[in-house]
Amino acid sequence: MNTPRNVTPSASTRRPSGPQGTQLFSADELNRLADEAGAVSDGRASVHEPVLEGTNAGLEGRRFSLRAGRQTIGRRDDNDIVIGDPSVSSAHAWIMNQQGHYVIMNTLSTNGTFVNGKRVHEATLKHGDRIRLGQAEFVFLTREPGQHSRTRSVAIAIGVVALVAVAGFAWWLF
């Protein structure tokens, strides 16, 4: 019968714990551990997991995967999406999934939230929308560039089948 070994953490890995043995971590330690673990997402845009992709200098090509629920966007480290641009307010905006539609909401930021060049308090996003928070610019993607939407492909296929059926029927009549 194997007996479990008691492994005592070394002094360097021992951390303070609460009354029920819960380990305590600082915010910096949690951020470092989250960075080391990496994102669960593969960073590819999809209808179920869209992304914000940076388009201007300093953010170009950087992707932020959006998940269900509400995410905060701003300059402060405790935001879900942290943007280190000084023109972005500390708590600039929220982005929320509302019944499958993503909505961005300005949270009284100093420099405003813009969708396709128009200043907004709240806006429902669609694929390709250009978003600006202060001077930080993004594009909202629900599919990868060059990838057609499945709905469009299905519509084209149905159209082709209908055209072939009509041509076949006309040939049969004559």
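A brief report on the enclosed structure follows. (Residues numbered from 1 in each chain as written. Predicted model: local features only at pLDDT ≥ 70, side-chain atom pairs only at ≥ 80, totals over all residues. Heavy atoms only, no water.)

**Regarding the side chain of Ser 109**
Mapped onto the elements of the fold, Ser 109 is located in the loop between strand E6 (101-106) and strand E7 (113-115). Accessibility expressed as a relative area gives 8% for Ser 109, which makes it buried. There is a polar contact of 3.2 Å between the side chain of Ser 109 and the side chain of His 92. Engagement of the side chain of Ser 109 in a polar contact is seen with the side chain of Asn 106, the distance being 2.6 Å. Those residues in contact with Ser 109, other than ones at most four positions away along the chain, are Ser 89, His 92 and Arg 119. (Helix = DSSP H or I, 4+ residues; strand = E, 2+ residues; numbered from the N terminus. Buried < 20%, exposed > 50% of the residue type's maximum accessible area, 1.4 Å probe, protein only. Polar contact = N/O pair within 3.5 Å; in protein donor to acceptor, adjacent residues only side chain to side chain. Contact = heavy atoms within 4.5 Å.)

**Regarding the packing of aromatic side chains**
Enumeration according to the criterion identifies three aromatic pairs in this entry. For the pair Tyr 102 and Phe 140, a centre-to-centre distance of 6.1 Å together with 50 degrees between the ring planes defines the contact as tilted. Taken as a pair, Tyr 102 in strand E6 and Phe 140 in strand E11 (residues 136-141) lie far apart in primary sequence, 38 residues in all. Given the relative accessible area of 1%, Phe 140 is considered buried. A cation over an aromatic ring shows up here: Arg 132 above the ring of Phe 114, its NZ or CZ 4.0 Å from the ring centre. (Phe/Tyr/Trp six-rings, centres within 6.5 Å; stacked < 30°, edge-to-face > 60°. Lys NZ or Arg CZ within 6 Å of the ring centre and 35° of its normal.)

**Things to note about the sheet that holds strand E9 (residues 122-124)**
Ordered in space as E4-E3-E5-E6-E9, the five strands form an open sheet in which the pairing is mixed. Because the sheet does not close on itself, it has two edges, and the strands there are strand E4 (81-82) and E9. Of the pairings in the sheet, the one linking strand E3 (residues 70-74) to strand E5 (residues 93-98) comprises four bridges and is antiparallel in character. Opposite Thr 72, over in E5, you have Trp 94 as the bridge partner. (Pairing = 2+ DSSP bridges.)

**A few points about the nonpolar core**
The biggest cluster of nonpolar side chains holds 21 residues, and the ones touching the most others in it are Leu 52, Ile 83, Ile 104, Ile 131, Leu 133 and Phe 138. Contributing elements (two or more residues each) for this core: E5, E6, strand E10 (130-133) and E11. Per-element tally for this core: the top contributor is E11, with three residues. (Core = buried A, V, L, I, M, F, W, Y, C linked by side-chain atoms within 4.5 Å.)

**Focus: the environment of Asn 106**
Among the secondary structure elements, Asn 106 is positioned in strand E6. Sequence separation of Asn 106 and Glu 122 is 16 residues, and the distance between their C-alpha atoms is 6.3 Å. Once you skip the residues sitting within four places of it in the chain, Asn 106 turns out to touch His 92, Ala 93, Gly 112, Thr 113, Val 120 and His 121.

**Structural notes on the pattern of salt bridges**
Here the structure, examined in full by the defined rule, presents four salt bridges. One salt bridge in this structure joins Arg 67 and Asp 80, with 3.6 Å as the shortest N-O distance. Of the two residues, Arg 67 sits in the loop between strand E2 (63-65) and E3 while Asp 80 sits in the loop between E3 and E4, which places them 13 residues apart along the sequence. (Salt bridge = Lys/Arg side-chain N within 4 Å of Asp/Glu carboxyl O.)

**Structural notes on the pairing of E3**
With respect to burial, E3 is a largely interior element, four of its five residues being buried. In the sheet, E3 pairs with E4 via two bridges, with the strands oriented parallel. Each bridged residue has a counterpart across the sheet, and for Gly 74 the counterpart in E4 is Val 82.

**Let's talk about a nonpolar patch on the surface**
Judged by side-chain polarity, Phe 169, Trp 171, Trp 172, Leu 173 and Phe 174 come together as a nonpolar surface patch covering roughly 810 Å² of accessible area. Its relative accessible area of 85% is what places Phe 174 among the exposed residues. (Patch = residues over 30% accessible without salt bridge, like charges linked within 9 Å, V, L, I, M, F, W, Y side chains within 5 Å. Areas by Shrake-Rupley, 256 points an atom, 1.4 Å probe, with all protein chains shown as cover.)

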